[in-house]
Amino acid sequence: MNPRWMHFSEVKASDLLLLDSEDADTMKRPDAPDPSAWCIHGTMHAKLPQVRCILHLHPPYGTALAALRDPEVKPIDQNTARFFNRIVVDRQFGGIADDRAEGERLAALLGNRNIMMMGNHGALVAGNTIAEAVEDLYFLERACQTLVLAYSTGRELNVMKPDVAEKTARGWDDYRGMSFAHFDAWKRMLDRKDPSYAS
Ligand SMILES: [Zn+2]
């Protein structure tokens, strides 16, 4: 997990905390993680062993969509259709998470899906690999950007028919390998900018 309150731009590989979700003393450590992150991430990792990477953000467009009464990612282009019928929507926001029960609730809600729009909150993506989780989160934010921009016109959305949306979503399955190429490219971009993230 990220160290508590460390700015994302400063987190290096060696800063990441390797924690045991069953260790009751985790929050007593001097470098204990953020309490609400521990409630959500720690508990979800414990409950969903098949998930190797959980990413959670409050990205601008995803959060804007999550703040609407209808936070569904409607299929209006290729990127939005990627998520057709593949997102769990949490409509039970109850304040900043501070107990294990909230992590258990979210783990049960996510089940065997891997993407959650968290109403009044943000987005959460779970993946078997870091590259796939990053890819889903990247495309989710791009999809939300397109949808928010389309909404902002005030004109009626041209939502795809379900069969076309489903066909488009399945079309993305052939691009799973792109996650890894994309992730490697991200790292090369960081290497050119400042390679210290990897130390
Ligand atoms: Zn959050």
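Source: prediction; values computed, not measured.

Caption draft 1: View of the pattern of salt bridges. According to the stated counting rule, one finds 13 salt bridges in the structure shown. One salt bridge connects Arg29 with Asp31, and the closest N-O pair in it is separated by 2.8 Å. Judged by its relative accessible area of 30%, Arg29 falls in the partly exposed class. We classify Asp31 as partly exposed; its relative accessible area is 35%.

Caption draft 2: Inspection of the UniProt feature "domain: Class II aldolase/adducin N-terminal" (unreviewed entry) in the protein at higher detail. UniProt feature "domain: Class II aldolase/adducin N-terminal" (unreviewed entry): in the numbering of this structure it lies at residues 1-148. Within residues 1-148, the helical portion is 36% and the strand portion 12%, while the C-alpha atoms at the span's ends are 30 Å from each other.

Caption draft 3: Representation of the sheet that holds strand β1 (residues 53-57). The four strands are arranged β1-β4-β3-β2 in an open sheet whose pairing can be described as mixed. Edge strands, defined here as strands with exactly one partner in the open sheet, are β1 and β2 (88-90). The mean inter-strand angle of the sheet, taken between neighbouring strand axes irrespective of direction, is 15°. Pairing between β2 and strand β3 (residues 115-118): three bridges, direction parallel.

Rules behind the numbers
- Residues numbered from 1 in each chain as written.
- Predicted model: local features only at pLDDT ≥ 70, side-chain atom pairs only at ≥ 80, totals over all residues.
- Heavy atoms only, no water.
- Salt bridge = Lys/Arg side-chain N within 4 Å of Asp/Glu carboxyl O.
- Buried < 20%, exposed > 50% of the residue type's maximum accessible area, 1.4 Å probe, protein only.
- UniProt positions renumbered as here; feature names shortened; annotations may be inferred.
- Helix = DSSP H or I, 4+ residues; strand = E, 2+ residues; numbered from the N terminus.
- Pairing = 2+ DSSP bridges.
- Axes fitted to C-alpha atoms, helices over the stretch in contact; angles between N-to-C directions.

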